[in-house]
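# Tertiary structure, described
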There are 4 protein chains.
Amino acid sequence: MTTTSQNASPAASTTGAAASTSASRPLRVTVWGENRHEKRDARVRENYPEGMHSAIRDAVTENLGEGVATRIALLDDPEHGLSEEVLAQTDVLTWWGHMAHDEVSDEVAERVQRHVLAGMGLVVLHSGHWSKPFTRLMGTTCTLRWRNERDRELVWTVNPSHPIAAGIPHPIVIDEQEMYGEHFDIPVPDELVFVSSFSGGEVFRSGCCFRRGKGKIFYFSPGDQDYPVYQHPDVRRVIANGVDWARPAAAEREVPFLDRYPTDWFLTGESGQGVGDAEAAGKGE
Amino acid sequence: MTTTSQNASPAASTTGAAASTSASRPLRVTVWGENRHEKRDARVRENYPEGMHSAIRDAVTENLGEGVATRIALLDDPEHGLSEEVLAQTDVLTWWGHMAHDEVSDEVAERVQRHVLAGMGLVVLHSGHWSKPFTRLMGTTCTLRWRNERDRELVWTVNPSHPIAAGIPHPIVIDEQEMYGEHFDIPVPDELVFVSSFSGGEVFRSGCCFRRGKGKIFYFSPGDQDYPVYQHPDVRRVIANGVDWARPAAAEREVPFLDRYPTDWFLTGESGQGVGDAEAAGKGE
Amino acid sequence: MTTTSQNASPAASTTGAAASTSASRPLRVTVWGENRHEKRDARVRENYPEGMHSAIRDAVTENLGEGVATRIALLDDPEHGLSEEVLAQTDVLTWWGHMAHDEVSDEVAERVQRHVLAGMGLVVLHSGHWSKPFTRLMGTTCTLRWRNERDRELVWTVNPSHPIAAGIPHPIVIDEQEMYGEHFDIPVPDELVFVSSFSGGEVFRSGCCFRRGKGKIFYFSPGDQDYPVYQHPDVRRVIANGVDWARPAAAEREVPFLDRYPTDWFLTGESGQGVGDAEAAGKGE
Amino acid sequence: MTTTSQNASPAASTTGAAASTSASRPLRVTVWGENRHEKRDARVRENYPEGMHSAIRDAVTENLGEGVATRIALLDDPEHGLSEEVLAQTDVLTWWGHMAHDEVSDEVAERVQRHVLAGMGLVVLHSGHWSKPFTRLMGTTCTLRWRNERDRELVWTVNPSHPIAAGIPHPIVIDEQEMYGEHFDIPVPDELVFVSSFSGGEVFRSGCCFRRGKGKIFYFSPGDQDYPVYQHPDVRRVIANGVDWARPAAAEREVPFLDRYPTDWFLTGESGQGVGDAEAAGKGE
């Protein structure tokens, strides 16, 4: 890893000993793709000759440089390419799925949710709004208004000091795109970065940050199989910025757990006694 | 999560009931209780001779008066007392459970979640932080730091303009209480109303508002089976304020659903074409 | 005030004993208007024969009924109609100004700010984004993108459980309107209710709630002197909902102040010793 | 600047061309100090032999390393050390003042506010809650509950994924400290990172992030002239993390301004026509 690549990477933003990703290794990004439209639809293959996942991976690497190490995982891989081992070695996971959400096993969806709560970053793209990991983490239906008729989308920044908006034009212009409109049934984002408009006059909260457990989630709606949106340099930059923002804050990964402390913990220095979920249903009773 | 699949029939989830705040009828509150400690523990019966659920119901009625109509539902009732009919006629549901979260059926937990997303208010009390409906709606573990050693709890208002804080002293003093401390693994509350401190020096975000779908959720941590906290007039007032705040904003109850509009919807006046989940997994593809 | 009018109004959402403003008197609303365009521009007189302030007042009364008592105050009144006495008797103040922001005295602007911090509600309309009271309370420039070329504005609800969105169509359609676009330089709203789009493709956070001190502020951008926007029934309903939402949570009005408590305040029952600003510059030192 | 210093610096977090702080120069931090107690009070000189500002500067440099270039500015310097030139060359300004807030000129206070709105980061420490720049930016009184009686303060993290919490123990223990308690009259923080408790049972939102204009503001309450709190390694780490977080997102510094665009801006490619404040009072009318 060269000095240049380190400069290109925000990894350095977690400084010092507590840095989640040490200076000695790059940010580990796993790009998950459904890879079904690519097999079925000629139009999609035209837009993305090497698959949508490759375009998304390239978005990350071209912007974050050698500061990242990427891996691709696909729906049809064993365990969808998301084994416990892979997730344990993933700092940020990107997710694109559309026509086969239901084919993702509940076990893997829960595993992704658990890793996010333990600190892994998650960048959910476009139709991933209905993916199992995202809806589990949101708790809502994540439905929206919708149309696929070549709308022009304008992506406006409403949070100019946010790192995900760094270097992004105001607005991003996407000539042809699927329309996603409000009401988008998500929790209120912790940080709202972008709002889009469409040819039909609809608006959409298109760039949304959420914090869940110890992990960060960025949802970004531009991007579709029917249009070459992931070839758009500004869209690619946003995805890379989002991956960068979502990097873990802490080095260790641990799902939050019930922790019991005596009243005099402060005086005795006694540390917490973690209590397992099973016994803790009634907190020991 | 099957919330999405339930969207396939938005009509079915429409109660057709009148406005929640219709002029002609009071706010309909269902008080759900686990009612197990009361049967098992003499101490709990001393604190709550008529059951914890009765104390919670009284908190609501004594503060909201004839403006409310209450109903009690218990874990051991058929369908836990929360049939589709009961929820359809409930404006706000309060939830207290502790030792038997796992005995709540997934079907009922999902039903409660669906009604919240469709507009029903939900007030989650104390150990309900680990209940199925709440954790489904939050998407996080909802774990916390904990101790049961007769801490003094002080409940401080950090949002003085919030209606839930109306008429509440600063701080509420609770002489004996279980300790719940940070980190409380919840999403960032949409509105943070109260923060508590405890004898051991811990702090806790004890009054938290969340908006999910078309429904409002208020979590309030004071209250326990081992201490007569629900007899505390300030605590009772907060619960009533929370019920009042959580009342539905809209008359009709409907789970958010995918809606397709043509580009020229505005010119033609064509209305949305709800699209069921089944066909919409890939939005029709 | 009849029972019917209270039920018809969202005032009913603060029912019973917890109501912040007693049932025995109506909500006192002061409608402030600049009243300059009306004198100068024939077009404005056509849109608003009795002045813009009258249209705004009518919006409130027609929706909140006998539950409100309104008063009109104008720039050219002594002290702009906003004496200490008037503000002390105002629960919610609405503000419309455009061409004469600078003519509002600093003294009155500071008085309004102080009353908001002490609990008075404030509803800021359209070009009031640049008024002295609003920019003082926000701390930012409150600038925006702008054009006056008869744009169509669509006002979309992004927070369907919010009381200000109750009864509002999705979207509100305004045929002709001035364009206000992002970036709107305001603090992140505490509650974002509406987002608008315009003919030119711009978006705008058009309905924003802020909490400052003990007071609530609602900013709503639709409304202009050059178009009859305040005659639009949905716009009028939003204004009334906003007035209702902004009502004070507490009966007493008091600017937050420095308060000194000894360590053993809890044991001794000693109450706080308010410390005046002057002596407290260095907190007594 | 060495590779090491770049790793130690989060400068790299704004990657690519738009990075606010290019790879070729360090983050420029100006540490502002009142420097009055140091002259007057022997106790303060004992706690901070080289002045409080030196301790704060050391907190930044020891944690961010050669990635930063610091400058000290004091109240008694010409223009308080904060000329237009100095601010133009400051990426992040830290502010500590206590007994002489009123001696800061309105001109300099307004200059600081303007630079924050244009993108400069601001870290406000402890008694700076009542400083002119902070209260101007907040719009509220920023008052609080208070006592100076050697309380123990515990600083708890409520936002574990936040970069400012990286590497910080849960809780930070401060043996002796001034008490600052709720209600703290600030706007709701955009991101709440820390909540403290004190010996007297009070709580305080002690680590708060705000976004204003294009700038970021971090308020952190631990730190006092009467106790050696700025010698505490965890407190120092938080200050450094806050400085790092507050760095500008954009390279250019520009106060938000009114911008007029024609309806067909999109088709013609016509760019915005900035409109000066003076002529724009009524937006040109």
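In the nomenclature of an unreviewed UniProt entry, chain A is known as Trehalose utilization protein ThuA of Brachybacterium endophyticum.

## Some points on the relation of the copies chain D and chain C
Note on the chain copies: they are related by a rotation about an axis and a translation along it. Note on the copies: chain D fits chain C at an RMSD of 0.0 Å, the axial shift is 0.0 Å, and the rotation between them is 180°. Both chain copies can therefore be described as sitting about a two-fold axis. Scanning chain D for the C-alpha nearest the rotation axis identifies glycine 139 of chain D, at a separation of 2.7 Å.

## Some words on the relation of the copies chain A and chain B
At an RMSD of 0.0 Å, chain A and chain B line up after a rotation of 180° and a shift of 0.0 Å along the axis. Same-surface contact between copies: 96% of interface residues of chain A are shared with the interface of chain B.

## Let's talk about the UniProt feature "domain: ThuA-like" (unreviewed entry) in chain A
Per the UniProt record, the feature "domain: ThuA-like" (unreviewed entry) sits at residues 28-246 of chain A. Overall, residues 28-246 of chain A shows 28% helix and 32% strand. The separation of its end C-alpha atoms is 12 Å.

## Description of the interface of chain D and chain C
Contacts between the two partners involve 53 residues from chain D and, on the opposite side, 52 residues from chain C. Carbon and sulfur atoms supply 53% of the area buried between chain D and chain C, which totals about 4,300 Å² over both sides. Our enumeration of links across chain D and chain C arrives at zero salt bridges. Summed over the shared surface of chain D and chain C, the result is 20 residue pairs in polar contact (both at pLDDT 80 or more). Elements supplying a minimum of two residues to the side of chain D that touches chain C: helix H2 (37-40), helix H6 (106-118), helix H7 (132-138), strand E5 (145-157), strand E8 (203-212) and strand E10 (258-260) of chain D. The element contributing the most residues to the side of chain D that touches chain C is E5 of chain D, with six residues.

## Some details on unusual backbone geometry
Across the junction of histidine 170 of chain A and proline 171 of chain A, the peptide omega takes the value 0°, indicating a cis bond. Topologically, proline 171 of chain A is positioned in the loop between strand E5 (145-157) and strand E6 (172-181). In this structure, histidine 183 of chain D follows glutamate 182 of chain D across a cis peptide bond, with omega equal to 10°. Considering the arrangement of structural elements, one finds histidine 183 of chain D in the loop between strand E6 (172-181) and strand E7 (191-198). Non-glycine residue glutamate 79 of chain C carries a positive phi angle of around 55°. If you trace the backbone, glutamate 79 of chain C turns up in the loop between strand E2 (68-74) and helix H5 (84-88). Of note, the phi angle at cysteine 142 of chain D is positive, near 60°, even though the residue is not glycine. Mapped onto the elements of the fold, cysteine 142 of chain D is located in the loop between H7 and E5.

## As for the interface of chain A and chain B
You'll often see interface size given as the accessible area lost when the parts meet. Contacts between chain A and chain B engage 55 residues on the former and 58 residues on the latter. Taken together, the links from chain A to chain B amount to zero salt bridges. One can count 20 residue pairs in polar contact (both at pLDDT 80 or more) joining chain A with chain B. Those elements that provide at least two residues to the side of chain A that touches chain B are helix H2 (37-40), helix H6 (106-118), helix H7 (132-138), E5, E6, strand E8 (203-212), strand E10 (258-260) and helix H10 (277-280) of chain A.

## Describing the nonpolar core
Judged by nonpolar contacts, the single largest core of 88 residues is most densely connected at Leu82 of chain B together with Leu82 of chain D. Non-local contacts of leucine 82 of chain D, meaning those with residues more than four positions away in its chain, are made with Thr30, Trp32, Ala73, Leu87, Leu93, Trp95, Val108, Arg111 and Val112 of chain D. Core analysis: the next-biggest nonpolar cluster, separate from the first, contains 85 residues, Leu75, Ala100 and Cys142 of chain A together with Cys142 of chain C among them.

## Description of helix H8 (residues 233-245) of chain A
Side chains that are three or four residues apart share a direction in an α-helix, a result of its 3.6 residues per turn. With 13 residues, H8 of chain A extends 18 Å from end C-alpha to end C-alpha; this agrees with the ideal 18 Å at 1.5 Å per step. Looking at H8 of chain A, one finds that the buried residues are Val235, Arg236, Arg237, Val238, Ile239, Ala240, Asn241, Gly242, Val243, Asp244 and Trp245 of chain A.

## Quick word on the pairing of E8 of chain A
All names here are of chain A. Most of E8 is tucked away, with 10 of its 10 residues classed as buried. Alignment of strand E7 (residues 191-198) against E8, held across five bridges, turns out to be antiparallel. Among the inter-strand pairings, serine 197 is bridged to a residue of E8, identified as valine 203. Counting the residues in the hairpin turn of E7 and E8 gives four residues, including glycine 201, whose phi is positive at 95°. Of the pairings in the sheet, the one linking E8 to strand E9 (residues 215-220) comprises six bridges and is antiparallel in character.

## Brief notes about the pairing of strand E3 (residues 92-96) of chain A
Residue and element names in this part refer to chain A. For E3, a buried count of five out of five residues is recorded, marking the element as mostly surrounded by other parts of the structure. Examined bridge by bridge, strand E1 (residues 27-33) and E3 share five bridges and lie parallel to one another. Bridge assignment links valine 29 to a residue of E3, and that residue is valine 92. Relative to strand E4 (residues 121-125), E3 runs parallel, the two being bridged by four bridges. When the bridges of E4 are listed, valine 92 appears paired with glycine 121. Note on the crossover from E3 through H6 to E4: the handedness is right-handed.

## Re helix H4 (residues 52-64) of chain D
Here H4 of chain D is 13 residues long and its end C-alpha atoms lie 19 Å apart, about the 18 Å a rise of 1.5 Å per residue gives. Of the residues making up H4 of chain D, those classed as buried are Met52, His53, Ser54, Ala55, Ile56, Ala59, Val60, Asn63 and Leu64 of chain D.

## Observations regarding the packing of aromatic side chains
Under the definition given, this model contains 44 aromatic pairs over all chains. Both rings, one in phenylalanine 184 of chain C and one in tyrosine 219 of chain C, keep their centres 5.4 Å apart while their planes meet at 50°; by these two values the pair is tilted. Within this pair, whereas phenylalanine 184 of chain C is found in the loop between strand E6 (172-181) and strand E7 (191-198), its partner tyrosine 219 of chain C is found in strand E9 (residues 215-220), the two being separated by 35 residues in sequence. Exposure class is identical for phenylalanine 184 of chain C and tyrosine 219 of chain C. Each is buried. Of the aromatic side chains, those joined through ring pairs into one cluster are Phe134, Tyr180, Phe184, Phe204, Phe210 and Tyr219 of chain A. Cation over ring: arginine 145 of chain B sits above tyrosine 261 of chain A, and NZ or CZ is 3.6 Å from the ring centre. The aromatic ring of tryptophan 265 of chain D is capped on one face by arginine 145 of chain C, whose charged end is 6.0 Å from the ring centroid.

What counts, and where the lines are drawn
Residues numbered from 1 in each chain as written. Chains lettered and ligands numbered in written order. Predicted model: local features only at pLDDT ≥ 70, side-chain atom pairs only at ≥ 80, totals over all residues. Heavy atoms only, no water. Least-squares fit on C-alpha atoms with pLDDT ≥ 70 in both. Contact = heavy atoms within 4.5 Å. UniProt positions renumbered as here; feature names shortened; annotations may be inferred. Helix = DSSP H or I, 4+ residues; strand = E, 2+ residues; numbered from the N terminus. Buried area = accessible area lost by both parts, 1.4 Å probe. Salt bridge = Lys/Arg side-chain N within 4 Å of Asp/Glu carboxyl O. Polar contact = N/O pair within 3.5 Å; in protein donor to acceptor, adjacent residues only side chain to side chain. Core = buried A, V, L, I, M, F, W, Y, C linked by side-chain atoms within 4.5 Å. Buried < 20%, exposed > 50% of the residue type's maximum accessible area, 1.4 Å probe, protein only. Expected span 1.5 Å × (residues − 1). Pairing = 2+ DSSP bridges. Right-handed = clockwise from strand over helix to strand, strands pointing away. Phe/Tyr/Trp six-rings, centres within 6.5 Å; stacked < 30°, edge-to-face > 60°. Lys NZ or Arg CZ within 6 Å of the ring centre and 35° of its normal.

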